[in-house]
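Results of the structural survey
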Amino acid sequence: MTSDTQTLDLHAVERWLKDKLPGFQGPVTAEKFNVGQSNPTFRLTTPSHRYVLRRKPPGVLLKSAHAVDREFRVQKALLGTDVPVAKVHVLCEDPEVIGSEFYVMDEVEGRHFNLPDLPELEREARRPIQQEMSRVLAAIHGVDLAATGLADYGPEGNYYRRQIDRWTKQYRAAETEPRPEMDALMDWLDHNIPADDGLRTLAHGDYRIDNMLFEKDSPRIAAVLDWELSTTGHPYADVAAVIMQWSMPAGPDGRGLKGVDRQAQGLMEDEEFIADYCARAGLPGIEGFGFYLAFTFFRMAGIIQGVYKRALDGNASNPERGRQMGALVPRFARAGLDAAHTV
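Okay, so let's go over this structure. (Residues numbered from 1 in each chain as written. Predicted model: local features only at pLDDT ≥ 70, side-chain atom pairs only at ≥ 80, totals over all residues. Heavy atoms only, no water.)

Here the focus is empty space enclosed by the protein. All chains considered together, the criterion is met by one cavity of 30 Å³ or more. Within this model, the largest cavity holds a volume of roughly 50 Å³. Taken together, Gly205, Asp206, Ala241, Met244, Thr296, Arg299, Met300 and Ile303 make up the full set of residues lining the largest cavity. Only α6 (236-246) and α9 (289-313) provide two or more residues apiece to the lining of the largest cavity. The element contributing the most residues to the lining of the largest cavity is α9, with four residues. When the residues that make up the lining of the largest cavity are grouped by side-chain class, the tally is four nonpolar, two polar and two charged. (1 Å grid on protein atoms, 1.4 Å probe; cavity = no way out; pocket = protein on both sides within 12 Å on 5 of 7 lines; lining within 4 Å. Points joined across faces, edges and corners; volume = space filled by probe spheres on them. Helix = DSSP H or I, 4+ residues; strand = E, 2+ residues; numbered from the N terminus. Nonpolar A, V, L, I, M, F, W, Y, C, P; charged D, E, K, R; others polar.)

Structure follows, in structure tokens:
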């Protein structure tokens, strides 16, 4: 058993998989993916197959965080639907095997894009990627919850009320220093939650381009990844997550589109993406979008604060990057306040 987020007890993994995964044959080697800050993720290579293992970080964790069991459940439910996901195989809920829960899925071959301005593509290839993001997002929100067994995947009631309550508690539990901007944003959200409009869909919770793999020879998405924050909820938060990322500074630090001449670069404007999504989802439009955008900034600030706290505690997936991210919390909170003023 190991408590290291950077390595795996390969002997323990191999013994467990030989017993639980039909067709598995060792020996196995592991390579950690450096992307992502939440659940440490490893490529497992055997003589005949490549898998991906995602595990909870070891150590003391925030309540309900790092829910690899939920990631496993939702991807298993979505296999064969219009939502592209990796094929999951087995879930280990016994933390004694390697020090924390984990699951194993197939590795999906595909292209990974880290930046939304898609600098590695020619101009004419960029808009189809964004349109595909819109198509798949509408497909996620169109999943039949009853048919997929996901009707009980999240609580009933106002999604934003419970999410704001949850992430406020998570933020307070991970708080390391006073953040006046975050306090102001949480207070504004608490007093400006829209009335429940009855929309209840599957929600990804962290829908952005770096959580997707695209087919090598087409703009189609091969798999949507990182379902840790998924639940049954309200679809507009996922739309706002895309716009939130785009509103950040361009480049590897901000990973956004702020300051980019989108028309010149063949990229969609925010309004174009929202309109394209609404057309695919059969919606007339999204009123009061500033609230949903403010909410996504708030939630991302809470997530980043948790990463920062885990880095300080020594159990982050990428400790150096985690420590650097602490400085981003007030930036996201201020951006959320700016979005709130557009309501």
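Structure's up, so let's keep going.
Turning next to the packing of aromatic side chains. Overall, the coordinates contain 15 aromatic pairs when judged by the stated rule. For the pair phenylalanine 291 and tyrosine 292, a centre-to-centre distance of 5.4 Å together with 85° between the ring planes defines the contact as edge-to-face. For the pair phenylalanine 291 and tyrosine 292, one class covers both residues: buried. Cation over ring: arginine 70 sits above tyrosine 153, and NZ or CZ is 3.9 Å from the ring centre. (Phe/Tyr/Trp six-rings, centres within 6.5 Å; stacked < 30°, edge-to-face > 60°. Buried < 20%, exposed > 50% of the residue type's maximum accessible area, 1.4 Å probe, protein only. Lys NZ or Arg CZ within 6 Å of the ring centre and 35° of its normal.)

Counting residues in each nonpolar core, the largest one holds 75 residues, and the members touching the most others are Leu202 and Tyr207. With 12 residues, α9 is the single largest residue contributor to this core. Setting aside anything within four residues of it in sequence, one finds leucine 202 in contact with Val74, Leu78, Ile140, His141, Val143, Leu145, Leu150, Tyr153, Trp227, Thr231, Thr232 and Asp238. Val13, Phe42, Tyr51 and Val97 belong to the second-largest nonpolar core, a separate cluster that totals 18 residues. (Core = buried A, V, L, I, M, F, W, Y, C linked by side-chain atoms within 4.5 Å. Contact = heavy atoms within 4.5 Å.)

Here we take up the sheet that holds strand β2 (residues 41-45). Across the sheet, which stays open at both edges, the five strands sit in the order β1-β2-β3-β5-β4 with antiparallel pairing between neighbours. Strands at the two margins of the open sheet, each flanked by one partner only, are β1 (29-32) and β4 (88-92). The mean angle between the axes of side-by-side strands here comes to 25°, regardless of whether they run parallel or antiparallel. Of the pairings in the sheet, the one linking β1 to β2 comprises four bridges and is antiparallel in character. Residue pairing across strands places alanine 30 opposite leucine 44, the latter belonging to β2. (Pairing = 2+ DSSP bridges. Axes fitted to C-alpha atoms, helices over the stretch in contact; angles between N-to-C directions.)

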